[in-house]
Amino acid sequence: MGGLGAALLEALDRLLRLDAQVVEIVALSLRVSLTAVLLGTLLGLPLGACLAVGRFPGKQAAAVMMTAMMGLPSVVVGVVVYLALSRSGPLGALGLLYSPGAMVVAQVVLVLPLMAAISRQVVEDAWREYAEELQAMRFSWWASVLTLLHDCRHSLLVAVLAGLGRAMSEVGAVMIVGGNIDHATRVMTTAIALETSKGDLPLALALGAVLLTVILVINGLAYALRVWARGRFG
Amino acid sequence: MSGLFPLACKAVGFRPNGQEVLRGVDLVLGGEGITVVLGPNGAGKSVLLRMLCGLLEPTSGSVQWGSAAGPGREVAMVFQHPMMLRDTVLANVALALKAHAVSGRERRTRGRAMLARIGLEDRAEQSARLLSGGERQRLALGRAWLTRPRLLLLDEPTASLDPSGVEAVERIIREIRTDGTKVVMTTHNLGQATRLADDVVFLAEGLVREHAPVQRFFARPVSPEARLFIKGELPWHVGF
Ligand SMILES: Nc1ncnc2c1ncn2[C@@H]1O[C@H](COP(=O)(O)OP(=O)(O)OP(=O)(O)O)[C@@H](O)[C@H]1O
Ligand SMILES: [Mg+2]
């Protein structure tokens, strides 16, 4: 018990001193996950909206696929991205393996189905409400998608934050494609896993505290946003 | 003149999964004035308006919009429960202009001018979803009017409004007519029909039972169904 108490104190000390190692790892985590979520937003939200509004063969199948992919274990995503990026893989020429770029790719694959699925659900509800009138106003298919994305902006921000939460907290995929290399591809989750197994509890605890705080802040923001939007726009 | 008229329904039938809603509607409408479609609940009035807007296809027969290939942007429709985007009143009133390739700045200018005409100018920056039913109807009318349609279809524009709300909406409808837009509307308010209509179409049992100038329709209805309907004694009024 004394060991844990001492470890907690040292963790706190490292956080307050802005320990270089902690800062480096946190910064890389944020850089990788924010990039992945940005790409996931640009691709996933319109993709979900198109699935909601569009009428094409295979629409149901695509929606089911996406929902299934939402629950993919991150290690599986890691293995698939690893194979794609490895030297003999289809994207091997990019030379991304064991770089932050590879981790971004893995996290995009991880958050895209989640964000697209939430987007599809949210936009579909709005579409059901507006479809007939937008048709009566002769909105094109694409103009409808843009109008719906804008109309659902507050709910979609929740999708973005959900994506960020998943990206920040997953460990399996970035471990496999990034390799958890010190000063290169070590992020919060992989560092926590490694340091805990090595017995460096202070570092693991310090990073764990940061990660927990980030996740709490994300969820708090999502909640506050929903409350604000409901009050403002009904 | 515009090519939308005469607007003609030729033996229009509508039988969604076997249920016979319209059995052969023949109707010719000119490009002026207000046509009020009357008929009991379930007669197919809303279905007919949706067909005139091009939102529903007849099962048999056809709708012809004059010499036009189909209902384009010159046809607008206001629904019984108009949609409101999660946005300001101004953004909502200017919405339909988005399909008309109008710049954002011009949309706002024209939107504000329209809000003044429908008496919502001081609500411009409020959320449209927080408006009352009557204010929503006015907003929806303004939204449709803003695109200067040649044909405006209104489905029960004053259902569940209080007398002053009804009056405000009727005033706007008259102005729209004066502006040169043909209006086709449904209502269950016979007083409203006498106040607004130039001609009345009476729909019952899937057919146009009567199409007459408003005075003649109310003074000397020809069909027995219309006579009973006007007296409020139509048997299927009390069905269910
Ligand atoms: N899109 C549709 N598909 C299938 N059936 C429909 C559709 N729209 C309406 N109907 C059916 O057509 C019938 C007539 O409906 P409609 O809404 O046109 O009646 P109405 O004359 O407008 O009645 P009310 O006065 O109650 O508004 C109803 O039985 C309805 O269920
Ligand atoms: Mg109706």
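Along every chain, residues carry numbers that run from 1 in the direction the sequence is written. To read the labels, note that chains go from A and ligands from 1, taken in the order they are written. Residue-level local features of this predicted model are given only where pLDDT is at least 70; pairs of side-chain atoms are given and counted only at 80 or more, and the full residue set underlies all totals for whole chains, interfaces and linings. Side-chain calculation: all heavy atoms of the structure are included, whereas hydrogens and water are not.

Caption draft 1: Local environment of the overall build of chain A. Counting from the N terminus, the helices are the DSSP runs of H or I reaching at least four residues and the strands are the DSSP runs of E reaching at least two. Helix and strand counts for chain A stand at 10 helices and 0 strands. Along its sequence from the N terminus, chain A presents helices and strands in the succession α-α-α-α-α-α-α-α-α-α. Overall, the C-alpha framework of chain A stretches about 70 × 50 × 25 Å when taken along its three principal axes. A total of 234 residues make up chain A; the buried ones form 48% of that total. Pairs at least 24 apart in sequence give 75% of the contacts found in chain A among residues at least 6 apart. Under the convention used here, Asp and Glu are negative, Lys and Arg are positive, and both His and the chain ends fall outside the count. Lys charges are placed at NZ, Arg charges at CZ, Asp charges at CG and Glu charges at CD. Taking the 16 positively charged and 14 negatively charged side chains of chain A as two groups, their mean positions are separated by 6 Å. Whether a residue is buried, partly exposed or exposed follows from its accessible area with a 1.4 Å probe, protein chains only, as a fraction of its type maximum: under 20%, in between, or over 50%, in that order. In what follows, residue pairs with any heavy atoms lying within 4.5 Å of each other are defined as contacts.

Caption draft 2: The arrangement of the nonpolar core in detail. Each nonpolar core is a collection of buried residues, namely Ala, Val, Leu, Ile, Met, Phe, Trp, Tyr and Cys, held together in the definition by side-chain atoms within 4.5 Å. Counting residues in each nonpolar core, the largest one holds 47 residues, and the members touching the most others are Val123, Met188 and Leu207 of chain A. Elements supplying a minimum of two residues to this core: helix H2 (20-53), helix H5 (100-136), helix H6 (141-151), helix H7 (153-169), helix H9 (188-198) and helix H10 (201-233) of chain A. In contact with Met188 of chain A, not counting residues within four places along its chain, are Ile25, Val26, Ser29, Met168, Leu207, Val210 and Leu211 of chain A. Counting residues in each nonpolar core, the second largest holds 45 residues, with Met114, Ile172, Ile176 and Phe229 of chain B among its members.

Caption draft 3: Here's a closer look at the side chain of Arg150 of chain B. Here Arg150 of chain B shows up in the loop between helix H4 (133-145) and strand E6 (151-155). Whenever Lys or Arg places a side-chain nitrogen within 4 Å of a carboxyl oxygen from Asp or Glu, that contact is recorded as a salt bridge. The buried charged residue Arg150 of chain B lacks any salt bridge partner; its closest oppositely charged side chain belongs to Glu32 of chain B, at an N-O distance of 4.4 Å.

Caption draft 4: Broad picture of the packing of H7 of chain A against H10 of chain A. Residue and element names in this part refer to chain A. At their nearest, the axes of H7 and H10 sit 9 Å apart, and the two run at 175° to each other. In terms of their interaxial angle, H7 and H10 are classed as roughly antiparallel. In this structure, H7 uses Arg153, His154, Leu157, Val158, Leu161, Leu164, Gly165, Met168 and Ser169 to contact H10, whose residues at the interface are Leu211, Val214, Ile215, Ile218, Leu221, Ala222, Leu225, Arg226, Trp228, Ala229 and Phe233. Inter-axis angles, ranging from 0 to 180 degrees, are taken between N-to-C directions of lines fitted to C-alpha atoms, where helices are fitted over the stretch in contact. Orientation labels follow simple angle bins: below 35 degrees gives roughly parallel, above 145 gives roughly antiparallel, 65 to 115 gives roughly perpendicular, and whatever is left gives oblique.

Caption draft 5: A look at the site of ligand 1. Residue and element names in this part refer to chain B. Whether a residue is near a molecule or strand depends on its heavy atoms: it is near if one of them lies within 4 Å of it. Surrounding ligand 1, one finds 15 residues, the nearest of these being Gln19, Gly42, Lys45, Ser46 and His188. Any pair of nitrogen or oxygen atoms within 3.5 Å is treated as a polar contact; in protein, a donor-acceptor pairing is required on top of that, and neighbouring residues in sequence qualify only through side-chain atoms on both sides. Residue Glu156 places a side-chain N or O atom 3.1 Å away from an oxygen atom belonging to ligand 1. For ligand 1, whose unbound accessible area comes to 640 Å², protein coverage reaches 64%. Of all the elements, helix H1 (residues 45-53) adds the most residues to the shell around ligand 1, at 3 residues. Residue classes follow a fixed rule: Ala, Val, Leu, Ile, Met, Phe, Trp, Tyr, Cys and Pro count as nonpolar, while Asp, Glu, Lys and Arg count as charged, and any other residue, Gly among them, counts as polar. Its residues placed into classes, the shell around ligand 1 shows 7 nonpolar, 6 polar and 2 charged. A 1.4 Å probe and the Shrake-Rupley method give the accessible areas. Residues count as covered only by the protein chains that appear here.

Caption draft 6: The arrangement of the state of the cysteines in detail. All names here are of chain B. Pairs of cysteine sulfur atoms within 2.5 Å are identified as disulfides in what follows. As enumerated under the stated definition, the model contains 0 disulfides over all chains in all. Here Cys9 is not disulfide-linked; the sulfur of Cys53 is the nearest cysteine sulfur, at 13 Å. For Cys9, a relative accessible area of 5% puts it in the buried group.

Caption draft 7: The arrangement of empty space enclosed by the protein in detail. Think of a 1 Å grid over just the protein atoms. A cavity is a set of points where a 1.4 Å probe fits yet cannot get out, a pocket is an open set with protein on both sides within 12 Å along at least five of seven lines, and lining residues have an atom within 4 Å of a point. Grid points are joined across faces, edges and corners, and a volume is the space filled by probe spheres set on the points. Tallied over the entire structure, the rule returns 2 cavities of 30 Å³ or more. For the largest cavity, the calculated volume is near 150 Å³. Lining the largest cavity are 15 residues, with Met137 of chain A together with Ala76, Met77, Ala96 and Ala144 of chain B positioned closest to its centre. Those elements giving two or more residues to the lining of the largest cavity turn out to be H5 of chain A together with strand E5 (75-78) and H4 of chain B. The element that contributes the greatest number of residues to the lining of the largest cavity is E5 of chain B, accounting for 4 residues.

Caption draft 8: A look at the sheet that holds strand E7 (residues 182-186) of chain B. Residues and elements named next belong to chain B. Read across the open sheet, the 6 strands follow the order E5-E6-E7-E3-E8-E9; overall the sheet is mixed. The outermost strands of the open sheet, each flanked by one partner alone, are E5 and strand E9 (207-213). Each adjacent strand pair in this sheet contributes to an overall mean axis angle of 15°, direction not counted. Here 5 bridges tie E6 to E7, and the two strands are oriented parallel to one another. Bridge assignment links Leu154 to a residue of E7, and that residue is Met185. Taken strand by strand, H1 contacts strand E3 (34-38), E5, E6, E7 and strand E8 (199-204), and its axis lies near 155° from that of E6. Lying over the sheet, H4 contacts E5 and E6, oriented at roughly 175° with respect to E5. Strand pairing is assigned whenever DSSP identifies at least 2 bridges connecting the two strands.

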